[in-house]
Amino acid sequence: MLRYLAKRVVMALVTIYIVMTLSFFMIRLMPGNPMAALESQLRQQGGLTEQDIQQRINAIYGVLPTDPVLVQYKDYLINILHGDLGRPITNPGTTITAVIAEALPWTILVVAVSLIISFLIGVAIGSAMAANQNSTFTKVMTFVVSLLSAVPSYLVAIVLLYFLTGVYRVFPPGGAYSVDVTPGFNAPYLGSVLYHSILPIAASVITSFGGWALAMKGSAISVLGSEYVRAAESRGLSERRISRSYIGRNSMLPMVTQLALSIGFMFGGSVFVETYFQYPGIGFYMIQSVNQRDYSLMMGCFLLITVSVVVTNLLVDLLYPLVDPRIANPATRKLAEDTADSSDDAVPVGGTVA
């Protein structure tokens with residue numbers, strides 16, 4: 001178990017290191033060389049000495065462009081390890097870490113709530129579809145969830161904005177809360193935050209629960225046809241035990257992996273939904289950084305997404321052995337498979353021994 005744990009942790013750290021290295025060289029390989037472009041822009045503004053220009057670039061990117069590349073690379077890694085991601089070009093008075101820290105709670109609120117709701121709805125519908133494969137309910141729901149999964153979330157956001165904020169004015173058109181409330185732990189502010197988050201959450205749930213339903217349906221159907229399920233039925237095990245220990249646990253394993261990946265990407269926000277609703281999350285600032293060619297903020301957002309995905313994958317790898325201990329110990333898994341094969345040979349399908 002310790003060997004399995006150490007291997008996964010080392011792989012996660014190596015992945016994060018590779019991404020940080022790629023982030024460093026990506027800035028220099030981008031068309032136009034953003035650092036050189038910023039240096040030229042500051043020179044054109046006038047009133048700055050060469051030393052002032054270098055200091056401003058150092059404040060934004062965390063390195064001095066006049067230093068050797070290896071020195072810049074070392075300073076870049078040290079800055080990241082200390083949480084210094086530089087400063088946004090459009091707002092040098094603050095830090096990228098502060099921008100991300102301010103935007104992250106809004107993204108977690110909207111995307112996490114929508115992810116949990118869509119996952120629970122999708123798993124419930126997918127399980128019902130798998131249990132009633134030939135029913136009218138399954139045929140209708142398969143069409144509905146397939147259609148909704150194909151619709152882009154930004155299109156649903158536009159429709160909700162048009163009807164519920166433009167035509168009927170039921171919800172506010174954008175923002176995280178009303179300007180006439182005082183931020184803090186008080187009822188008006190919390191109510192306003194919840195009120196403004198309904199439409200962004202709805203836009204994400206409507207287009208995402210169908211994917212979970214189809215995935216759960218396929219996973220459950222594949223488990224229903226497995227040999228170990230038929231063997232358990234032939235041995236006379238109770239239907240409840242088969243559903244819980246054989247079908248439920250094994251069909252949920254792929255879903256847990258997908259959920260973990262979704263949690264990791266959650267920190268990237270729902271880019272278009274946040275943009276259309278003017279919701280100040282990570283996705284909103286990511287679009288702004290792309291439009292304004294703010295490479296420092298862009299790379300900070302990318303690094304956050306990468307680290308979150310790697311960490312969530314690591315957590316899933318560590319949780320898998322709790323669901324199935326054979327994953328962490330191949331020898332145990334091989335022994336279990338051999339035992340199952342010998343049991344199947346000893347007990348025929350009819351459930352009696354000759």
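Residues numbered from 1 in each chain as written. Predicted model: local features only at pLDDT ≥ 70, side-chain atom pairs only at ≥ 80, totals over all residues. Heavy atoms only, no water.

- Looking at an unreviewed UniProt entry, one finds the protein chain named Peptide/nickel transport system permease protein and attributed to Microlunatus soli.
- UniProt's Sequence similarities (unreviewed entry) comment on the protein chain is quoted here verbatim: "Belongs to the binding-protein-dependent transport system permease family."
- Under the Subcellular location (unreviewed entry) heading, UniProt states for the protein chain: "Cell membrane". (UniProt positions renumbered as here; feature names shortened; annotations may be inferred.)

Some details on the packing of helix α5 (residues 96-131) against helix α12 (residues 282-291)
The relative placement of two packed helices is expressed as an angle between their axes plus a distance between the axes.
Now for step 1: Between α5 and α12, the least distance of the axes is 7 Å, while the angle of their chain directions is 130°. Classified by the angle their axes make, α5 and α12 are oblique. Every residue of α12 that contacts α5 at V99, I100, A103, L104 and T107 is listed here: I282, G283 and Y285.
Now for step 2: A breakdown of the residues in the contact of α5 with α12 according to their chemical character gives six nonpolar, two polar and no charged. (Axes fitted to C-alpha atoms, helices over the stretch in contact; angles between N-to-C directions. Helix = DSSP H or I, 4+ residues; strand = E, 2+ residues; numbered from the N terminus. Parallel < 35°, antiparallel > 145°, perpendicular 65-115°, else oblique. Contact = heavy atoms within 4.5 Å. Nonpolar A, V, L, I, M, F, W, Y, C, P; charged D, E, K, R; others polar.)

Digging into the UniProt feature "transmembrane region" (unreviewed entry) in the protein chain
Now for step 1: Sequence positions flagged by UniProt for "transmembrane region" (unreviewed entry) are, in local numbering, residues 9-30, 106-131, 143-164, 193-215, 259-277 and 297-320.
Now for step 2: Between the end C-alpha atoms of residues 193-215 there is a gap of 32 Å, over a span that is 100% helix and 0% strand.

Overview of the nonpolar core
Now for step 1: If you look at the biggest cluster of nonpolar residues, it comprises 22 residues, and the most contacted ones within it are M20, L38, I57, Y61 and Y76.
Now for step 2: Mapped by element, the contributors of at least two residues to this core are α1 (2-29), α2 (34-45), α3 (50-61), α4 (69-81) and α13 (295-323).
Now for step 3: Apart from the residues within four sequence positions on either side, L38 is in contact with I57, I60, Y61 and I89.
Now for step 4: F267, F284, Y285 and L297 belong to the second largest nonpolar core, which has 18 residues in total. (Core = buried A, V, L, I, M, F, W, Y, C linked by side-chain atoms within 4.5 Å. Buried < 20%, exposed > 50% of the residue type's maximum accessible area, 1.4 Å probe, protein only.)

Examining the pattern of salt bridges
Now for step 1: A full pass over the atoms with the stated rule returns two salt bridges.
Now for step 2: Note that R43 and E39 form a salt bridge whose closest N and O atoms lie 2.7 Å from each other. Of this pair, R43 and E39 both sit in helix α2, four residues apart, which is roughly one turn of the helix.
Now for step 3: We classify E39 as buried; its relative accessible area is 15%.
Now for step 4: Note that R43 and E50 form a salt bridge whose closest N and O atoms lie 2.6 Å from each other.
Now for step 5: Looking at R43, the relative accessible area reads 42%, which means it is partly exposed.
Now for step 6: For E50, a relative accessible area of 40% translates into the label partly exposed.
Now for step 7: A single network of salt bridges, built from pairs that share partners, joins E39, R43 and E50. (Salt bridge = Lys/Arg side-chain N within 4 Å of Asp/Glu carboxyl O.)

A closer look at the side chain of K217
Now for step 1: Tracing the backbone shows K217 in helix α8 (residues 187-224).
Now for step 2: K217 has contacts with G126, M129, A130, T138 and T142, leaving out every residue within four places of it along the chain.

Considering the packing of aromatic side chains
Now for step 1: Per the stated rule, a full pass over the model turns up 13 aromatic pairs.
Now for step 2: Measuring from centroid to centroid gives 4.8 Å for F24 and F25, while their planes differ by 85°, and the two rings are edge-to-face.
Now for step 3: Aromatic side chains Y162 and F163 sit 4.9 Å apart centroid to centroid with 85° between the ring planes, which places their arrangement in the edge-to-face category.
Now for step 4: Members of the aromatic cluster, each reached through a chain of ring pairs, are F24, F25, Y73 and Y76. (Phe/Tyr/Trp six-rings, centres within 6.5 Å; stacked < 30°, edge-to-face > 60°.)

Remarks on the environment of M141
Now for step 1: Within the secondary structure, M141 sits in helix α6 (residues 136-150).
Now for step 2: Here M141 falls in the buried class, since its relative accessible area comes to 16%.
Now for step 3: Along the sequence, M141 and G126 sit 15 residues apart, while their C-alpha atoms lie 9.1 Å from each other.

Some details on α6
Now for step 1: Between the first and last C-alpha of α6 there are 22 Å, a value that for 15 residues agrees with the 21 Å anticipated at 1.5 Å per step.
Now for step 2: T138, M141 and V145 are the residues of α6 that are buried. Angular distribution of buried residues about the axis of α6 spans 70°; they occupy a single face of the element. Turned more than 90 degrees from where α6 packs its buried face, T136, K139, F143 and A150 sit exposed. (Expected span 1.5 Å × (residues − 1). Arc of directions from axis to C-beta.)

Examining a nonpolar patch on the surface
Now for step 1: A contiguous nonpolar surface patch, about 1000 Å² in accessible area, is contributed by Y154, L155, I158, V159, Y162, F163, V167, Y168, V170, F272 and Y276.
Now for step 2: Contributions of two or more residues to the nonpolar patch are made by α7 (153-167) and α11 (271-276).
Now for step 3: Tracing the chain through its elements places F163 in helix α7.
Now for step 4: Relative accessible area serves as the criterion here: at 39%, F163 is assigned to the partly exposed category. (Patch = residues over 30% accessible without salt bridge, like charges linked within 9 Å, V, L, I, M, F, W, Y side chains within 5 Å. Areas by Shrake-Rupley, 256 points an atom, 1.4 Å probe, with all protein chains shown as cover.)

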